[in-house]
Amino acid sequence: MEPATPHSDAKPVHLTPRELQYLMLVCRYPKPTEAEVAEHMGLHPKTVQKYCDGAYKALGVNCYMDMYHKAVALGLVKCMCARMREGSQQPRGG
């Protein structure tokens, strides 16, 4: 998943590459479990929790929904509804 283009007026957010990978992954699906994220990233769930904590701290949030909304507002990820609209415009087979 590609990150969205950051807004020019957004304050810089300092995420490690793994925190950004975590952020992009968890914002791709409606609230995946740590076990699902860990499996996808090839990591232990406790390691994923560290990336989660780091992303929350970097974004200045303390819950998933705030993280998601701030990441979208900062242009770090695309809104789920925008991705669904893009997917619905693709030709259907059959």
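Keep in mind the model is a prediction, meaning the values are calculated, not measured.

Caption draft 1: Representation of the overall build of the protein chain. Across its full length, the protein chain carries five helices and zero strands. Counting from the amino terminus, the protein chain carries its helices and strands in the arrangement α-α-α-α-α. Here the protein chain, with 94 residues, has 32% of them falling under the buried criterion.

Caption draft 2: How the structure looks around helix α1 (residues 17-26). Buried residues of α1: Glu19, Tyr22, Leu23, Met24, Leu25 and Val26, and no others. Taken together, the buried residues of α1 touch α2 (34-41), α3 (45-59) and α4 (64-73).

Caption draft 3: Inspection of the side chain of glutamate 19 at higher detail. Topologically, glutamate 19 is positioned in helix α1. Of the buried charged residues, glutamate 19 lacks a salt bridge, with lysine 57 as the closest side chain of opposite charge at 8.9 Å. When residues no more than four places from it in sequence are discounted, the contact partners of glutamate 19 are His14, Tyr51, Gly54 and Ala55.

Caption draft 4: Structural detail: the nonpolar core. Formed by 24 residues in total, the largest nonpolar core has its most connected members in Tyr22, Leu23 and Met67. Contributing elements (two or more residues each) for this core: α1, α2, α3 and α4. When near neighbours in sequence (up to four residues on either side) are disregarded, methionine 67 contacts Tyr22, Leu23, Val26, Ala55, Tyr56, Leu59 and Val61.

Caption draft 5: Structural view of the packing of α1 against α3. As a packed pair, α1 and α3 sit with axes 9 Å apart at the nearest point and diverge in direction by 90°. Classed by the angle they form, the pair α1 and α3 counts as roughly perpendicular. Contacts between α1 and α3 involve Arg18, Glu19, Tyr22 and Leu23 from the first element and Val48, Tyr51, Cys52, Gly54, Ala55 and Leu59 from the second. Along the lines of polarity and charge, the residues of the contact of α1 with α3 split into seven nonpolar, one polar and two charged.

Cut-offs used in this document
- Residues numbered from 1 in each chain as written.
- Predicted model: local features only at pLDDT ≥ 70, side-chain atom pairs only at ≥ 80, totals over all residues.
- Heavy atoms only, no water.
- Helix = DSSP H or I, 4+ residues; strand = E, 2+ residues; numbered from the N terminus.
- Buried < 20%, exposed > 50% of the residue type's maximum accessible area, 1.4 Å probe, protein only.
- Contact = heavy atoms within 4.5 Å.
- Lys, Arg positive; Asp, Glu negative; His and termini not counted.
- Salt bridge = Lys/Arg side-chain N within 4 Å of Asp/Glu carboxyl O.
- Core = buried A, V, L, I, M, F, W, Y, C linked by side-chain atoms within 4.5 Å.
- Axes fitted to C-alpha atoms, helices over the stretch in contact; angles between N-to-C directions.
- Parallel < 35°, antiparallel > 145°, perpendicular 65-115°, else oblique.
- Nonpolar A, V, L, I, M, F, W, Y, C, P; charged D, E, K, R; others polar.

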